[in-house]
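# Fold and contact review
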Amino acid sequence: IENTPADWFGEELKGKYFMVLVFDFSILNENNNTSSINTNLLCKYLSASLSKNIQDIEVMFCVIDDMCTGVLNFYHSSSDIQQIKRVVYDICVSSGKEFDIDLRCAMSAMVEDIGQLNYAYEQTQEIINMRFLGDEKIVFVYDDIMGMTGKYHLNAEVENNLIDNIVLLGNSEVACKIVSD
């Protein structure tokens, strides 16, 4: 049986550009406990809010590791990332008030192929692992942590071209360092 995006998400995907969002939260009122938050309900709320406020997208959410994980499927590559970031920020603030939680979001870069969703999801996990505790920021994008890690993720073709060009320039030490990293 052939797996298609429709098989994975249970519907036909219309767009060909994707972004992963992971929302994690902590309880503000210490008298509550995590089990009092219905994470599935929170995912539905986030999905509806994003669909309402961002044009030309499909939104799919599920719960992974007690976090609301969503895939945004864009119809156009020209979607304004800063506008999406503002919408996500507003949703985090309003959802936080609605559910009495501190809600934060990790946003991946936009990818152009469903096969890159795992890469986009890994970006969100790096963001979650790298942001510092106590940071007042609510929405984190991958560029926010790039300065902290000093590493870039390249696909195999780009990495091979980079190594080839460095070798052609005669700098074998740099080429060896790239290969070892």
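Residues numbered from 1 in each chain as written. Predicted model: local features only at pLDDT ≥ 70, side-chain atom pairs only at ≥ 80, totals over all residues. Heavy atoms only, no water.

Glancing now at the sheet that holds strand S1 (residues 17–27). Taken in spatial order, the 5 strands make up an open sheet running S2-S3-S1-S4-S5, and their pairing is mixed. Both edges of this open sheet fall to strand S2 (57–64) and strand S5 (139–141), since each of them pairs with a single strand only. Here the strands of the sheet are splayed against their neighbours by 20 degrees on average, with no regard to which way each runs. One ladder, built from 7 bridges, connects S1 with strand S3 (residues 67–74); its direction is antiparallel. By the bridge assignment, Phe-18 is partnered in S3 with Asn-73. Helix H2 (residues 39–53) rests against S1, S2, S3 and strand S4 (101–107) of the sheet, and its axis sits at about 165 degrees to S2. Those strands touched by helix H3 (residues 81–99) are S1, S3, S4 and S5, and its axis lies near 160 degrees from that of S4. (Pairing = 2+ DSSP bridges. Helix = DSSP H or I, 4+ residues; strand = E, 2+ residues; numbered from the N terminus. Axes fitted to C-alpha atoms, helices over the stretch in contact; angles between N-to-C directions. Contact = heavy atoms within 4.5 Å.)

What follows covers the nonpolar core. Membership of the largest hydrophobic core comes to 31 residues, with the highest contact counts inside it found for Leu-21, Phe-23, Leu-50, Val-88 and Met-107. Those elements that place two or more of their residues in this core are S1, H2, S2, S3, H3, S4 and S5. What Leu-21 contacts, discounting residues up to four positions off in sequence, is Leu-50, Cys-68, Thr-69, Gly-70, Leu-72, Val-88, Cys-105, Ala-106 and Met-107. Judged by nonpolar contacts, the second largest core, of 15 residues, contains Met-60, Val-71, Val-111 and Ile-127. (Core = buried A, V, L, I, M, F, W, Y, C linked by side-chain atoms within 4.5 Å. Buried < 20%, exposed > 50% of the residue type's maximum accessible area, 1.4 Å probe, protein only.)

This brings us to the confidence of the model for the protein. The predicted model of the protein has a mean per-residue pLDDT of 78, with 66% of residues at 70 or higher. The element-level mean pLDDT for the protein is lowest in helix H1 (residues 5–9), coming to 47, with H2 highest at 93. Note on residues 1–8: pLDDT under 50 across the span, and 9 contacts to partners over four residues away in sequence or across chains. (pLDDT = per-residue confidence, 0-100.)

What follows is about the pairing of S4. Within S4, 6 of the 7 residues are buried, which leaves it mostly tucked inside the rest of the structure. Sheet topology note: the S1/S4 ladder contains 7 bridges and is antiparallel. Across the sheet, residue Asp-24 finds its bridge partner in S4, namely Arg-104. The sheet contact formed by S4 and S5 spans 3 bridges and is parallel. If you follow Met-107 over to S5, its bridge partner there is Val-141.

For the rest of this paragraph, the subject is unusual backbone geometry. For Asp-56, which is not glycine, the phi dihedral falls at a positive 60 degrees. One can find Asp-56 in the loop between H2 and S2. Looking at Asp-56, the relative accessible area reads 40%, which means it is partly exposed. At Asp-100, a residue that is not glycine, the phi angle is positive and equals roughly 60 degrees. In this fold, Asp-100 is placed in the loop between H3 and S4.

In this section: H2. Taking 1.5 Å per residue, 15 residues should reach 21 Å; H2 reaches 21 Å between its end C-alpha atoms and fits that length. All buried positions along H2 are accounted for by Thr-39, Leu-42, Cys-43, Leu-46, Ser-47, Ser-49 and Leu-50. Seen from one end, H2 has its buried residues packed into an arc of 165 degrees, which puts them on one side. Across from the buried face of H2, at angles greater than 90 degrees, the exposed residues are Lys-44 and Lys-52. (Expected span 1.5 Å × (residues − 1). Arc of directions from axis to C-beta.)

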